Amino acid sequence: MKERTDQFRRRAARYLGRDPLPVQPAQGVLSLSFDDFPKSAWEVAGPILKDHGILATYYVAGGLCDGSNMDKVQFSERDLQEAFEAGHEVGCHTFSHTSVLRLDAKGLKAELDRNSDWVAERLDGHRMSHFAYPFGDASLGAKAMLGRRFAHSRGVTDGVNTGTADRNNLRAIGLESRRLPAYDLEGLMAETAENKGWLIAYGHDVETNPTPYGCTPQDLERVITLARQAGLSILPVSSAFSMISAKSA
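These lines cover the structure that appears in this document, whether it is placed above or below. (Residues numbered from 1 in each chain as written. Predicted model: local features only at pLDDT ≥ 70, side-chain atom pairs only at ≥ 80, totals over all residues. Heavy atoms only, no water.)

**Structural notes on the overall build of the protein**
Our working rule: A run of DSSP states H or I qualifies as a helix once it reaches four residues; a run of E qualifies as a strand once it reaches two. Both are numbered from the N-terminal end. Using C-alpha atoms as the atom set, the radius of gyration is obtained and then compared with a globule rule of 2.2 Å times the number of residues to the power 0.38. Summary of the burial criterion: residues with accessible area below 20% of their type's maximum are buried, those above 50% are exposed, and those between are partly exposed, where the area comes from a 1.4 Å probe applied to protein chains only. Any two residues whose heavy atoms approach within 4.5 Å at even a single point are treated as in contact. The Shrake-Rupley method, run with a 1.4 Å probe, gives the accessible areas here. Residue values count only the displayed protein chains as cover. Charged-residue counts in this description rest on Lys and Arg as positive and Asp and Glu as negative, His and the chain ends being excluded. Lysine's charge is taken at NZ, arginine's at CZ, aspartate's at CG and glutamate's at CD.
Within the protein, the regular secondary structure consists of nine helices and twelve strands. By the compact-globule yardstick of 18 Å for 249 residues, the protein fits well, its C-alpha radius of gyration being 17 Å. Based on the C-alpha atoms only, the size of the protein along its principal axes is roughly 45 × 40 × 40 Å. Evaluated residue by residue, the protein yields a buried proportion of 55% over its 249 residues. Within the protein, contacts between residues separated by at least 24 positions form 72% of all contacts whose residues are at least 6 apart in sequence. Of the roughly 10900 Å² that the protein leaves accessible, carbon and sulfur atoms contribute 50%. Treating the 29 positive side-chain charges of the protein as one cloud and the 32 negative ones as another, the clouds have centres 7 Å apart.

**Some thoughts on a nonpolar patch on the surface**
How we decide: Residues form patches when they are more than 30% accessible in relative terms and have no salt bridge. Like charges link within 9 Å. Nonpolar side chains (Val, Leu, Ile, Met, Phe, Trp, Tyr) link within 5 Å. Whenever Lys or Arg places a side-chain nitrogen within 4 Å of a carboxyl oxygen from Asp or Glu, that contact is recorded as a salt bridge.
Together, Tyr-15, Leu-16 and Leu-140 line one region of the surface with nonpolar side chains, adding up to about 300 Å² of accessible area. Along the chain, Tyr-15 turns up in helix α1 (residues 2–15).

**Observations concerning the packing of aromatic side chains**
Let me state the cut-off plainly: Within 6.5 Å between ring centres, the rings of Phe, Tyr and Trp (the latter by its six-membered ring) count as paired, and their orientation is classed by plane angle as stacked under 30 degrees, edge-to-face over 60, tilted in between.
On inspection of all chains with the given rule, the structure shows seven aromatic pairs. Members of the aromatic cluster, each reached through a chain of ring pairs, are Phe-34, Phe-37, Trp-42, Tyr-58, Phe-75 and Trp-118.

**A few points about the nonpolar core**
Applied cut-off: Each nonpolar core is a collection of buried residues, namely Ala, Val, Leu, Ile, Met, Phe, Trp, Tyr and Cys, held together in the definition by side-chain atoms within 4.5 Å.
In terms of nonpolar packing, the biggest core is built from 57 residues, with Leu-30, Leu-32, Phe-34, Phe-37 and Leu-220 touching the most fellow members. Non-local contacts of Phe-37, meaning those with residues more than four positions away in its chain, are made with Trp-42, Tyr-58, Tyr-59, Val-60, Gln-74, Phe-75, Asp-79, Leu-80 and Ala-83. One finds Ala-172, Ile-200, Val-237 and Phe-241 within the second-largest nonpolar core, a separate group that totals 15 residues.

**Section: the pattern of salt bridges**
Applying the stated rule across the entire model yields 19 salt bridges. In this structure, Arg-222 engages Glu-186 in a salt bridge whose closest nitrogen and oxygen atoms are separated by 3.4 Å. Within this pair, whereas Arg-222 is found in helix α8 (residues 217–229), its partner Glu-186 is found in helix α7 (residues 185–194), the two being separated by 36 residues in sequence. By relative accessible area, Arg-222 is classed as partly exposed at 38%. The structure contains a network of salt bridges with shared partners spanning Asp-158, Glu-176, Arg-178 and Arg-179.

**Quick notes on the side chain of Asp-137**
For clarity, the threshold we go by: In protein, a polar contact requires one atom able to donate a hydrogen and another able to accept it; more generally it is a pair of N or O atoms within 3.5 Å, and residues adjacent in sequence count only if both atoms are side-chain atoms.
Tracing the backbone through its elements, the reader meets Asp-137 in the loop between β7 (130–132) and α6 (140–149). In this structure Asp-137 comes out as buried when scored by relative accessible area, which is 7%. A distance of 2.8 Å separates the side chain of Asp-137 from the side chain of Ser-99, its partner in a polar contact. In this structure Asp-137 touches Arg-10, Ser-99, Val-100 and Leu-101, once residues within four positions along its chain are discounted.

**As for α8**
Stated precisely, the cut-off is as follows: Given a helix with a known number of residues, its expected span is that number minus one, times 1.5 Å.
Taking 1.5 Å of rise per residue, 13 residues should cover 18 Å, and α8 covers 18 Å from first to last C-alpha, within 8% of that figure. In this structure, the buried residues of α8 make contact with β2 (29–35), α3 (45–51), α7 and β12 (233–234). Positive phi appears at Gly-231, one or two residues downstream of α8, with a value of about 80°.

**Description of the packing of α7 against α8**
Basically, it comes down to this: Simply put, an axis is a line fit to the C-alpha atoms, just over the touching stretch for a helix, and the angle between two N-to-C directions goes from 0 to 180 degrees. Between 65 and 115 degrees an angle is taken as roughly perpendicular, under 35 as roughly parallel, over 145 as roughly antiparallel, and anywhere else as oblique. A clockwise turn of the near helix away from the far one marks a right-handed crossing, whereas an anticlockwise turn of less than a right angle marks a left-handed crossing. In this count, Pro and Cys sit with the nonpolar residues alongside Ala, Val, Leu, Ile, Met, Phe, Trp and Tyr, while Asp, Glu, Lys and Arg are called charged and the others, Gly among them, polar.
At a minimum axis separation of 9 Å, α7 and α8 run at an interaxial angle of 40°. By the angle between their directions, the pair α7 and α8 is classed as oblique. Crossing handedness for the pair α7 and α8: right-handed. Judged by residue contacts, Leu-185, Glu-186 and Met-189 of α7 engage Arg-222, Val-223, Leu-226 and Ala-227 from α8. Residue classes in the contact of α7 with α8 are distributed as five nonpolar, no polar and two charged.

**A short note on α7**
This is how it is decided: Picture the helix axis, draw a direction to every C-beta atom, and the arc is the one those directions span.
When we look at burial in α7, the residues that qualify are Leu-185, Leu-188, Met-189 and Thr-192. Each buried residue of α7 sits inside an arc of 95° when the element is viewed along its axis, so together they form one side. Close packing links the buried residues of α7 with β2, β10 (173–174), β11 (198–203) and α8. Once α7 finishes, Lys-196 follows within two positions and takes phi at roughly 50°, a positive value.

**Examining the packing of helix α5 (residues 105–122) against α6**
At their nearest, the axes of α5 and α6 sit 11 Å apart, and the two run at 35° to each other. In this structure, the crossing between α5 and α6 has a hand that is right-handed. Residues Ala-105, Leu-108, Lys-109, Leu-112, Asp-113 and Ser-116 of α5 pack against Ala-142, Met-145, Leu-146 and Arg-149 of α6. Residue classes in the contact of α5 with α6 are distributed as six nonpolar, one polar and three charged.

Below is the structure:
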């Protein structure tokens, strides 16, 4: 019963409680993001991004620091600080990486407050302005609270953000080796360029043998190459949002 209820709540959040965001940048945009912040998302992906002159977004759950998730070592405080100092964006998860479906309003606020304070203490007062739903789970109640607290929130519903997007549940595609072959990546890049849309890719670990939710270094290189060939700008999530917001103002 709980599983069916969760499915209903996710579906309701996909179609209801939308906060319209006009999407019409000067040119199509790709944003790369990494959830939970596995260590390899910095030690392996970081140098690739640097070689291409690209900045990405890292969604941090403070409770995972120096821990393990899906049998993969997670980020250290130094990893977080190095990524931030290199200019990458730091966004918010729940502190303990708990799904919003498992939290009431009070519990969600406590998780967000704790994560905000934890990150600010380690990044010279940095306050995160954007959120990504752990596990991609969204609910109507969480969307309403997050909309008051953050400039935007990212989900995991497949697709390109074109025309009018939902500010509190932005679409994205999985940067995952198991799923990338099923995407028409060239077609998605072309659609983003033609419609002046915003394509967000989310991943986790970046390793030769990734988890089901991660990708290989070659996969990451290919996504970047295809985006460049399609003429897309490549910007962190919040930077792309700021550009789109300024354009639509």
